[in-house]
Amino acid sequence: MPDRVRITDVAPRDGLQNEPNQIPTASKLRLIELLAASGVDEVEITSFVSPKWVPQLADAEDLAHQVRSLAESVAQITAGFPSRVRAAETLPVFSVLAPNKKGFERALALHDVKYFPLKIALFTAASEMFNKKNTNANIDESIEKFATIVPRALEAGMPIRFYVSCAVECPFAGHTEPSAVRTVVDKLLNLVPDDARAGIDIDLGDTIGVARPADIAALCAEHTDLLAQTTLHLHDTFGRATDCVRAALEMGVRSFDGAAAGLGGCPYASTPDKRAPGNIDCAALVRTVHDAGYETGVDLDALDEASSFARTLAVAT
Ligand code: HMG
Ligand code: MG
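In short, a report on the structure.

What counts and what doesn't
- Residues numbered from 1 in each chain as written.
- Chains lettered and ligands numbered in written order.
- Predicted model: local features only at pLDDT ≥ 70, side-chain atom pairs only at ≥ 80, totals over all residues.
- Heavy atoms only, no water.
- Disulfide = S-S within 2.5 Å.
- Buried < 20%, exposed > 50% of the residue type's maximum accessible area, 1.4 Å probe, protein only.
- Donors = N, O, S within 2.8 Å, 3.2 Å for Na, K, Ca; no water.
- Helix = DSSP H or I, 4+ residues; strand = E, 2+ residues; numbered from the N terminus.
- Pairing = 2+ DSSP bridges.
- Axes fitted to C-alpha atoms, helices over the stretch in contact; angles between N-to-C directions.
- Contact = heavy atoms within 4.5 Å.
- Phe/Tyr/Trp six-rings, centres within 6.5 Å; stacked < 30°, edge-to-face > 60°.
- Lys NZ or Arg CZ within 6 Å of the ring centre and 35° of its normal.
- Parallel < 35°, antiparallel > 145°, perpendicular 65-115°, else oblique.
- Left-handed = near helix turned anticlockwise from the far one by under 90°.
- Nonpolar A, V, L, I, M, F, W, Y, C, P; charged D, E, K, R; others polar.

1. Some words on the state of the cysteines
One pass over the structure, following the stated rule, counts 0 disulfides. In this structure Cys170 is not part of a disulfide, and its nearest cysteine sulfur, from Cys166, lies 4.4 Å away. Look at Cys170 and you get buried, because its relative accessible area is 2%.

Here is the structure:
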């Protein structure tokens, strides 16, 4: 197993999507710039979901246009460098969420395979109840929606992430069996031609941050053959997320999501008495990975700067 661990910061999307006060687009852009400068491998910039369902991300097009301009400027500047540093090597991957064809079309309209290759994150869940609340569709209906999107994304050169939420527990239906997660993962992978399957990023989400290391070990054991392409997306309710990272590293996971300052949570995972918990703090994630003897491309001082800025955007909970 490689010693290099891939880090995605989802703060601009998952981190901010549940924030009650409208955050200016310019501030979201600043956060993305700071995260890009920190050396994370990927930044999840926004969601192309219904603005009625997630009002905080109603500025998705505007924001993504501005990130695209930034990427184009970097490409122009770096093209002139004799050292041949290229934009693709300078910038992180930029990704966006989409729940359906409409969301995909919005992403495709902004995607440029050379200067702004957007990665598309298609999301479903291993819990029927959660998926219905989150996307007004049952799991199979979600997957059916992705069937027409996947070939078009591949043809356009867009990398694909499949999110499976409630991979450990659902806020409404309780414990999720690892085998139930695997069933959903297999259905998703069946949408992809054989020769493209290994390039798919499978992201397993502990949506409400309840996992213990043993849960993560069991989840990984169910996906042993897929761990080289699996990302773990931890929320952190009980301060156990870093222990879960260590367990996942031992099992062979080499890709993790975190959010600057530990912001985040899915609005549709909140229950009347409990707001959905934040993601694992990206700096804590990176420190845990480094302490375990693995490398990332992240400059922790720069990430701390991004985290400080992120903290100014969120209301205290
Ligand atoms: P629906 O109401 O069933 O949608 O919602 P619909 O197809 O009936 O359309 C209703 C209206 O929405 C129409 O507009 C559509 O055009 C519009 P109207 O005619 O009424 O003006 N619409 C859209 N507009 C913009 N972009 C779109 C789009 N689709 C339809 N893509 C829908 C279904 C999926 C749209 C809705 O449920 C939705 O947007 N859900 C997203 C919820 C969400 O973003 N949750 C958080 C992300 S998931 C998460 O946080 C978990 C994760 O972090 C991993 C983990 O932690 O486990 C990823
Ligand atoms: Mg999440």
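2. Here we look at the coordination of the magnesium ion (ligand 2)
Each protein donor to the magnesium ion (ligand 2) is listed here as Asp14 (OD), His233 (NE2) and His235 (NE2); together their distances run 2.0 to 2.2 Å. Sequence spacing of the donors to the magnesium ion (ligand 2): D-x218-H-x1-H. Note that Asp14 is positioned in helix 1 (residues 11-15) and His235 in the loop between strand 9 (230-234) and helix 10 (241-251), a separation of 221 residues in sequence. The pair formed by Asp14 and His235 is uniform in burial state, with each residue classed as buried.

3. Considerations on the sheet that holds strand 1 (residues 6-9)
Reading around the barrel, the 8 strands line up as 1-2-3-4-5-8-9-10 and close back on themselves, with parallel pairing between neighbours. Averaged over all pairs of adjacent strands, the angle between their axes in this sheet comes to 25 degrees, without regard to strand direction. Sheet topology places strand 5 (residues 160-165) next to strand 8 (residues 201-206); 4 bridges connect them, and they run parallel. When the bridges of strand 8 are listed, Phe162 appears paired with Ile202. Lying on the sheet, helix 8 (residues 178-189) is in contact with strand 4 (118-125), strand 5 and strand 8; it crosses strand 5 at an angle near 155 degrees.

4. Digging into the packing of aromatic side chains
Under the criterion given, the structure shown has 2 aromatic pairs. Directly above the aromatic system of Tyr163 lies the positively charged group of Arg161, at a separation of 5.2 Å from the ring centroid.

5. Here's the deal with the packing of helix 8 against helix 9 (residues 213-222)
Packing of helix 8 against helix 9 brings their axes to within 9 Å, and their N-to-C directions diverge by 40 degrees. Taken together, the axes of helix 8 and helix 9 lie oblique to each other. When the axes of helix 8 and helix 9 are compared, the crossing they make is right-handed. In contact with Pro178, Ser179, Val181 and Arg182 of helix 8, helix 9 contributes Ala218, Leu219 and Glu222. Among the residues forming the contact of helix 8 with helix 9, the class breakdown is 4 nonpolar, 1 polar and 2 charged.

Coordinates in, geometry out; function isn't part of it.
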